[in-house]
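Examination of the molecular architecture
One-letter residues, chain by chain:
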Amino acid sequence: MLILGIETSCDETAAAVVARDADGRGRILSNVVHSQLEDHAPFGGVVPEIAARAHVEALDGIVARSLAEAGIGFADLDGVAATAGPGLIGGVLVGLMSAKGIALVHGLPLVAVNHLEGHALTARLTDGVEFPYLLLLVSGGHTQFVAVEGLGRYRRLGTTIDDALGEAFDKTAKLLGLAYPGGPAVERAARAGDANRFALPRPLLGRDSLDFSLSGLKTAVRQAAQAAAPLTDRDVADVAAAFQATVAEIVAIKARRALAVFTKQTGVTAPVLVVAGGVAANQAIGASLRAAAAAVGARLVVPPAGLCTDNGAMIAWAGAERLAAGLVDGLDAPARARWPLDADAVPKLGSGQHGAKA
Ligand code: KG4
Ligand code: ZN
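Predicted model only: the values in this text are computed from it and were never measured.

**Some thoughts on the site of ligand 1**
Within the structure, ligand 1 sits among 18 residues, and Gly140, Asp170, Gly183, Glu187 and Gly278 are positioned closest to it. Between ligand 1 and His115 there is a distance of 3.4 Å, counted from an oxygen atom to a side-chain nitrogen or oxygen. The separation between an oxygen atom of ligand 1 and a polar main-chain atom of Gly140 is 2.8 Å. Elements with a minimum of two residues in the shell around ligand 1: α4 (115-127), α5 (165-175) and α6 (182-190). In the shell around ligand 1, the residues fall into 4 nonpolar, 11 polar and 3 charged.

**Some words on the coordination of the zinc ion (ligand 2)**
Protein-derived ligands of the zinc ion (ligand 2) are His115 (NE2), His119 (NE2) and Asp310 (OD), with the metal-ligand distances lying across 2.1 to 2.2 Å. Read from N- to C-terminus, the donor residues coordinating the zinc ion (ligand 2) fall into the pattern H-x3-H-x190-D. With His119 in helix α4 and Asp310 in the loop between α10 (305-308) and α11 (312-324), this pair connects stretches of sequence that are 191 residues apart. Judged by its relative accessible area of 14%, Asp310 is buried.

**Focus: the packing of aromatic side chains**
Applying the stated criterion across every chain, the model contains 3 aromatic pairs. For the ring pair Phe145 and Phe212, a centre distance of 5.7 Å and an interplane angle of 25° mean the geometry is stacked. Of this pair, Phe145 sits in strand β7 (residues 143-150) while Phe212 is found in the loop between α6 and α7 (215-228), placing the two residues 67 residues apart along the sequence. Taking the relative accessible area as the measure of exposure, Phe145 reaches 0% and is therefore buried. Residue classification places Phe212 among the buried positions, given a relative accessible area of 1%. Centroid distance Phe169 to Phe243: 4.9 Å. Interplanar angle 80°. Geometry classified as edge-to-face. You can see Phe169 sitting in helix α5 and its partner Phe243 sitting in helix α8 (residues 233-266), a full 74 residues away along the chain. Residues Phe169 and Phe243 agree in their burial class; the two are buried. Sitting above the plane of the Phe131 ring, Arg124 keeps its charged end 3.8 Å from the centroid. Against the face of Trp339 rests Arg336, its NZ or CZ located 4.3 Å from the ring centre.

**Details of the sheet that holds strand β8 (residues 153-159)**
Sheet architecture is open: 5 strands sit in the order β8-β7-β6-β9-β10, paired in mixed fashion. The outermost strands of the open sheet, each flanked by one partner alone, are β8 and β10 (299-301). Taking each pair of neighbouring strands and ignoring which way they run, the sheet shows an average axis angle of 25°.

**Examining α7**
Helix length check: α7, at 14 residues, gives a terminal C-alpha distance of 20 Å against a target of 20 Å (1.5 Å per residue), a fit within 8%. Listing the buried residues of α7 in full gives Leu217, Lys218, Ala220, Val221, Ala224, Ala225 and Ala228. Down the axis of α7, the buried side of the element spans an arc of 165°, and every buried residue falls inside it. Facing away from the buried side of α7 by over 90 degrees, the exposed positions are Gln226 and Ala227.

**Some points on the pairing of β7**
Two faces, one strand: in a regular strand the side chains alternate between the faces of the sheet. Among the 8 residues that make up β7, 7 are buried, leaving the element largely enclosed by the rest of the structure. Pairing analysis gives 6 bridges linking strand β6 (residues 133-138) to β7, with the strands arranged antiparallel. From the neighbouring strand, Leu135 faces β7, where its bridge partner is Val146. Connecting the antiparallel pair β6 and β7 is a turn made up of 4 residues. Pairing of β7 with β8, which is carried by 6 bridges, proceeds in the antiparallel orientation. Note that in β8 the partner of Gly150 across the bridge is Arg153.

**Observations regarding the environment of Asn31**
Looking at the element boundaries, Asn31 is found in strand β3 (residues 26-35). Expressed as a C-alpha distance, the spacing of Asn31 and Val275, which sit 244 residues apart in the sequence, is 20 Å. Dropping the residues within four chain positions of it, Asn31 is found in contact with Ala15, Ala16, Leu307, Asn311, Gly312 and Ala313. A distance of 3.3 Å separates the side chain of Asn31 from the backbone nitrogen of Ala313, its partner in a polar contact.

The rules we used
- Residues numbered from 1 in each chain as written.
- Chains lettered and ligands numbered in written order.
- Predicted model: local features only at pLDDT ≥ 70, side-chain atom pairs only at ≥ 80, totals over all residues.
- Heavy atoms only, no water.
- Near = heavy atom within 4 Å.
- Polar contact = N/O pair within 3.5 Å; in protein donor to acceptor, adjacent residues only side chain to side chain.
- Helix = DSSP H or I, 4+ residues; strand = E, 2+ residues; numbered from the N terminus.
- Nonpolar A, V, L, I, M, F, W, Y, C, P; charged D, E, K, R; others polar.
- Donors = N, O, S within 2.8 Å, 3.2 Å for Na, K, Ca; no water.
- Buried < 20%, exposed > 50% of the residue type's maximum accessible area, 1.4 Å probe, protein only.
- Phe/Tyr/Trp six-rings, centres within 6.5 Å; stacked < 30°, edge-to-face > 60°.
- Lys NZ or Arg CZ within 6 Å of the ring centre and 35° of its normal.
- Pairing = 2+ DSSP bridges.
- Axes fitted to C-alpha atoms, helices over the stretch in contact; angles between N-to-C directions.
- Expected span 1.5 Å × (residues − 1).
- Arc of directions from axis to C-beta.
- Contact = heavy atoms within 4.5 Å.

Right under this line is the structure:
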């Protein structure tokens, strides 16, 4: 089956065509991502109103390009999927309404996808990972361990009690005067830095906790930066390196704990740990997680960086998995600013759902 996927929940206008074979394997036929980076860079963060307008202007062209690059037309599609939340509501509305229009005009089933489910299922598209697996979702808005037990069956094992990991990277970058978006800028700066010059706290929230707390670390980074001001390139590199190393260590410790809990709960002794979301593109965190997984006999799967950050292929794939399971949404599917993965992502029977096209 061929699915068009549309993603507009933040600052990427994206559309992709993904094929799902009868045996459950996926192939990306096109994946067009238009970043609004330049529109938001002067403000040091995403401005919701600018994002929504930019999605309106770009989306039609991006959808047309995704079809052209896949070498197909609307008539070849078996369904259309769009992010219905969580995210910036103006942007979500643009993508979801476009998808509804396409579904209506071309008589296609609509799948209203939870953006987080898109991240969660990407490893099944890229690496054919089987259920169940442990997911560490680390993006600009989310930081959580999720037991992925099946399609629509997500159990949250831990989350952040304050900032998301990507947010912590973005704030650290801002403090250090680095470019937006912060994650890649901090990673670049950290390469030349000495991670041991500044001692930063490692909040672990007790021996067994799978939750994260990053606000204390953020404060410590600010104090280190203020103490060293005015900052030289060397100072910036050293603070960035200390921050990144501390985060990588915290994440690795938590991942080992989470893998132990996952194994205990599921009985899976050599589990797969999947990392998804924008921060999964960070190589220091990846290396630290790989070592943590290997130490307990688990396998780490990190999708390619371009599929870790927001894209249309992940939405198309989640749509394809849902469609294959007979899960379709009505044209009344709401856009949601908030939509937790564990509670409401479970398929809701009777809410405008009807049988999927074969
Ligand atoms: O998943 P994503 O593209 O959008 C959300 O759904 O949030 O994640 C974006 C976040 C941003 O906070 C960005 O700074 C962070 O991911 N990020 C990184 C890296 N690349 C992106 N953080 C650390 N290292 C990176 N290389
Ligand atoms: Zn995302």
